[in-house]
Amino acid sequence: MPLVALNGIRIHLDVAGPDDGPLAVLVMGTGSRGRVWSLHQVPALVAAGHRVATFDNRGIAPTDECADGFTIDDMVRDTAAVIEHLGGGPAAVIGTSLGARITQELALARPDLVRCAVALAAHARIDPVGRTLSAGERALYDAGVVLPPRYHAAVTAHLNLSPATMRDEVAVQDWLDLYELTGSRVTPGVRAQLALGEDVDRRVAYPAIRVPLLAVGFADDRLIAPHLAAEVAAIVPGARHVEIADCGHLGYLERPEAVNAVILDFLAQRGSAGLCSPQPLGGSGCAQAAVHASHSRA
């Protein structure tokens, strides 16, 4: 699909699956294109009968980079505009990392557009290590520092991958090669994304979310620690919590079968008996559960 004019910018949008399928909108994290979802999540959702939309967030070309800066609220309105452009929903909205926060904020601000929400690497705040890392990444960009590709590859692997993946020397070499190829150069649009909300704390606001929510933590995530996902589930009425073992920050790429199974199970359960309708504040909603999905790796 070509660039679409939405919310005052041009957004690159792709749609797959049957036109009459229930809409699922996938929201990517910092610095990555929406097409990353196409490796594993889009095929699984399409096979389950969903109409699936992926898009490049503002800051990521060919969507407008908006390098002069933007806010989380701008990105929430972008996602709302995508849903409205595709028929108004309500949609199942699935986001990871920064995309998880956008998903949570959309569920809060526009519950009419959100049938149910899945937040991978869910969080209501960033911990001190995450804040310091984000500030350091911005300082590197502002100083014009570009890390040597091999060093960038090693550091990125340590930050993003599970020890289980790094023990697999064949698998981790593939990741290292990819990171070395892409390098550490940050675009102005990604620099704008890195500036978003490192000091924010939404723990007071999120109890007002009434949309059915699944907060997923990745057990080995060093960037958004898994206890932050449990924290979101604890403060959102009726939310569910799942922690998936042997996953780092990129769990949806490291263990896609496990992550997809959790997503599809939640969407299937919320798709019947009206369970995807917003829950009244103070109501019982969906039973909260903490599930640790532990599987051996192939």
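Scope of this entry: the structure provided in the associated data block. (Residues numbered from 1 in each chain as written. Predicted model: local features only at pLDDT ≥ 70, side-chain atom pairs only at ≥ 80, totals over all residues. Heavy atoms only, no water.)

### Regarding the pattern of salt bridges
Across all of its chains, the model carries eleven salt bridges by this definition. In this structure, R110 and E84 form a salt bridge, with 3.1 Å as the shortest nitrogen-oxygen distance. One end of the pair, R110, is in the loop between α3 (98–109) and β6 (114–120); the other, E84, is in helix α2 (residues 72–85), with 26 residues separating them in the sequence. Linking R125 and E231 is a salt bridge whose minimum nitrogen-to-oxygen distance equals 2.8 Å. With a gap of 106 residues between them, R125 in the loop between β6 and α4 (128–142) and E231 in helix α9 (residues 226–235) connect regions that are remote in the sequence. Here the residues in one salt-bridge network are R125, D201, R203 and E231, joined through shared partners. (Salt bridge = Lys/Arg side-chain N within 4 Å of Asp/Glu carboxyl O. Helix = DSSP H or I, 4+ residues; strand = E, 2+ residues; numbered from the N terminus.)

### Details of the packing of α2 against α3
The N-to-C vectors of α2 and α3 enclose an angle of 75 degrees; their axes lie 9 Å apart at closest approach. With respect to each other, α2 and α3 are oriented roughly perpendicular. Only L98, R101, I102, E105 and L106 of α3 make contact with α2, whose side of the interface consists of I72, M75, V76, T79, A80 and I83. (Axes fitted to C-alpha atoms, helices over the stretch in contact; angles between N-to-C directions. Parallel < 35°, antiparallel > 145°, perpendicular 65-115°, else oblique. Contact = heavy atoms within 4.5 Å.)

### Re unusual backbone geometry
Going from A61 to P62, the amide bond is cis rather than trans, its omega being 15 degrees. Inspection of the secondary structure assignment puts P62 in the loop between β4 (51–55) and α2. A cis amide bond, omega 5 degrees, links G89 with the succeeding residue P90. When you line up the elements, P90 lands in the loop between α2 and β5 (91–96). Residues other than glycine seldom take positive phi values, yet C66 does so here, at roughly 50 degrees. Inspection of the secondary structure assignment puts C66 in the loop between β4 and α2. The backbone of A121 sits at a positive phi, close to 60 degrees, despite the residue not being glycine. Inspection of the secondary structure assignment puts A121 in the loop between β6 and α4.

### Some points on the packing of helix α5 (residues 149–160) against helix α7 (residues 169–182)
The interhelical angle for the contact between α5 and α7, taken along N-to-C directions, is 125 degrees, at an axis separation of 8 Å. What the angle tells us is that α5 and α7 run oblique. Relative to α7, α5 is oriented so that their crossing is right-handed. Taking contact as the criterion, the partners of P149, R150, H152, A153, A154, T156, A157 and N160 in α5 are, on α7, L176, Y179, E180 and T182. Counted by class, the contact of α5 with α7 contains six nonpolar, four polar and two charged residues. (Left-handed = near helix turned anticlockwise from the far one by under 90°. Nonpolar A, V, L, I, M, F, W, Y, C, P; charged D, E, K, R; others polar.)

### Examining α3
Look at α3: 16 Å from first C-alpha to last across twelve residues, which is about the 16 Å you get at 1.5 Å a residue. The buried count for α3 comes to ten of twelve residues, which makes it a mostly enclosed element. Listed as buried for α3 are L98, G99, A100, R101, I102, T103, Q104, E105, L106 and A107. In this structure, the buried side of α3 is in contact with β3 (23–27), α2, β5, β6, α8 (188–194) and α9. (Expected span 1.5 Å × (residues − 1). Buried < 20%, exposed > 50% of the residue type's maximum accessible area, 1.4 Å probe, protein only.)

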